[in-house]
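Chain and residue survey
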Amino acid sequence: MFNDIVIGPITIHMYGVMIAAGFLAALLMTLRRGKKRGYDEDIIWGIFFCAIIGGMLGTRILYYIVEIPEIMKDPSILWDFKNGYVVYGGIIGGILASYIYCRTKKQAFMPYFDLVMPAVSFAQGFGRFGCFFAGCCYGREAHGGEWGVGFPSTGLAPSGVALVPTQIYSAIGDFAIFFILIAIAGYNKKSGKGFKGLIAGLYIIFYSAGRFAVEFLRDDPRGAVGTLSTSQFIAIFTAALGVAILIVQNRRDKKAVEETI
């Protein structure tokens, strides 16, 4: 796929365009939904900027952790910022930074966590299209009747061979998660059902499951823990975290209701 659009002296990178479009769409969507639900707009803006900073740091830190053996061999990797960003690190870093921000502002984190996560999934869908244009996060060679896509030699993916478009599969999964979460959130708002942490917990579970599955089709260098890829190994723990959020928050909401009766 093409990543660079050259207009005279200006080069536009589609990867960056998709990332920016995803962030902007997520912000506008969250502001709109937050306004309808009576959330503090200033807090949403604060969460947005903290999530960007925490996310960028997280992507890089997790990359360093995964690539420790290679960094020991070649320390120059530490300051090579052209590549080396791990999505899971961005998710973890963004959530932690947002949590710390809410704590400093003395705001309950879980309601904002629920509000933001559908939009995060939407933004990730755009990001995966960016990966498709850049040729990163590519899949294994397509066989038989599998759908395969050829990439140019100017990209990061191997050229001259049809590869499984894992970036597209991931994008479809991210958008599907978005629509599911929005539907559940809308139903809960109308029916008065649900509990704090439901949407956030479901996002974590759905994303972990999808990421675990698509990793079987990927073939780019991304580290391994035994027979699992690094992302699959992390997905086991994040899925467990999502389940824990659902259980704990459901119990807390039930207890709060009982105490008011």
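Just so we're clear, the structure is a prediction, and the values are computed from it rather than from any experiment.

A separate point is the side chain of arginine 33. Along the chain, arginine 33 turns up in helix 1 (residues 14-36). No salt bridge is formed by the buried arginine 33. Its closest oppositely charged neighbour is aspartate 114, at 8.8 Å. Apart from the residues lying within four places of it in its own chain, the contact partners of arginine 33 are Leu115, Pro118, Ile182 and Ala185.

Mapped onto the elements of the fold, phenylalanine 175 is located in helix 6 (residues 166-191). The sequence separation of phenylalanine 175 and valine 243 amounts to 68 residues, and the corresponding C-alpha distance is 21 Å. In this structure phenylalanine 175 touches Phe122, Gly125, Phe126 and Phe129, once residues within four positions along its chain are discounted.

A few words on the nonpolar core. As a rule of thumb, soluble globular proteins bury nonpolar side chains together. Ile47, Tyr88, Phe113 and Tyr203 are the most contacted members of the largest nonpolar core, which totals 35 residues. Elements with a minimum of two residues in this core: helix 1, helix 2 (41-66), helix 4 (87-104), helix 5 (109-134), helix 6, helix 7 (198-214) and helix 8 (230-260). Among residues more than four places away in sequence, those in contact with phenylalanine 113 are Ile95, Ala200, Ile204 and Ile245. If you look at the next biggest cluster of nonpolar residues, it comprises eight residues, including Ala26, Ala123, Ala171 and Phe175.

This brings us to a positive patch on the surface. Judged by side-chain charge, Arg32, Lys36, Arg37 and Lys189 come together as a positively charged surface patch. Secondary-structure assignment places arginine 32 in helix 1.

For the rest of this paragraph, the subject is the environment of arginine 211. With respect to the helices and strands, the residue arginine 211 is situated in helix 7. Note: C-alpha distance between arginine 211 and glycine 197 (14 residues apart in sequence) is 21 Å.

Attention now goes to a nonpolar patch on the surface. Among the surface-exposed residues, Ile53, Leu57, Ile61, Ile65, Ile68 and Met72 lie close enough to one another that they form a single nonpolar patch of about 640 Å² accessible area. Listed by contribution, the elements that provide at least two residues to the nonpolar patch are helix 2 and helix 3 (68-73). The leading source of residues in the nonpolar patch is helix 2, at four residues. As for its position among the elements, isoleucine 61 is in helix 2.

Given two aromatic rings, one states the distance between the centres and the angle between the planes to describe the pair. Evaluated as defined, the whole model comprises 20 aromatic pairs. Centroid distance tyrosine 203 to tyrosine 207: 5.9 Å. Interplanar angle 15°. Geometry classified as stacked. With tyrosine 203 and tyrosine 207 both in helix 7 and four residues apart, the pair spans about one turn of that helix. Classification of tyrosine 203 as buried rests on a relative accessible area of 1%. Through pairs of rings, three or more aromatic residues link up here, namely Phe122, Phe126, Phe129, Phe175, Phe178 and Phe179.

About the thresholds
- Residues numbered from 1 in each chain as written.
- Predicted model: local features only at pLDDT ≥ 70, side-chain atom pairs only at ≥ 80, totals over all residues.
- Heavy atoms only, no water.
- Helix = DSSP H or I, 4+ residues; strand = E, 2+ residues; numbered from the N terminus.
- Buried < 20%, exposed > 50% of the residue type's maximum accessible area, 1.4 Å probe, protein only.
- Lys, Arg positive; Asp, Glu negative; His and termini not counted.
- Salt bridge = Lys/Arg side-chain N within 4 Å of Asp/Glu carboxyl O.
- Contact = heavy atoms within 4.5 Å.
- Core = buried A, V, L, I, M, F, W, Y, C linked by side-chain atoms within 4.5 Å.
- Patch = residues over 30% accessible without salt bridge, like charges linked within 9 Å, V, L, I, M, F, W, Y side chains within 5 Å.
- Areas by Shrake-Rupley, 256 points an atom, 1.4 Å probe, with all protein chains shown as cover.
- Charge placed at Lys NZ, Arg CZ, Asp CG, Glu CD.
- Phe/Tyr/Trp six-rings, centres within 6.5 Å; stacked < 30°, edge-to-face > 60°.

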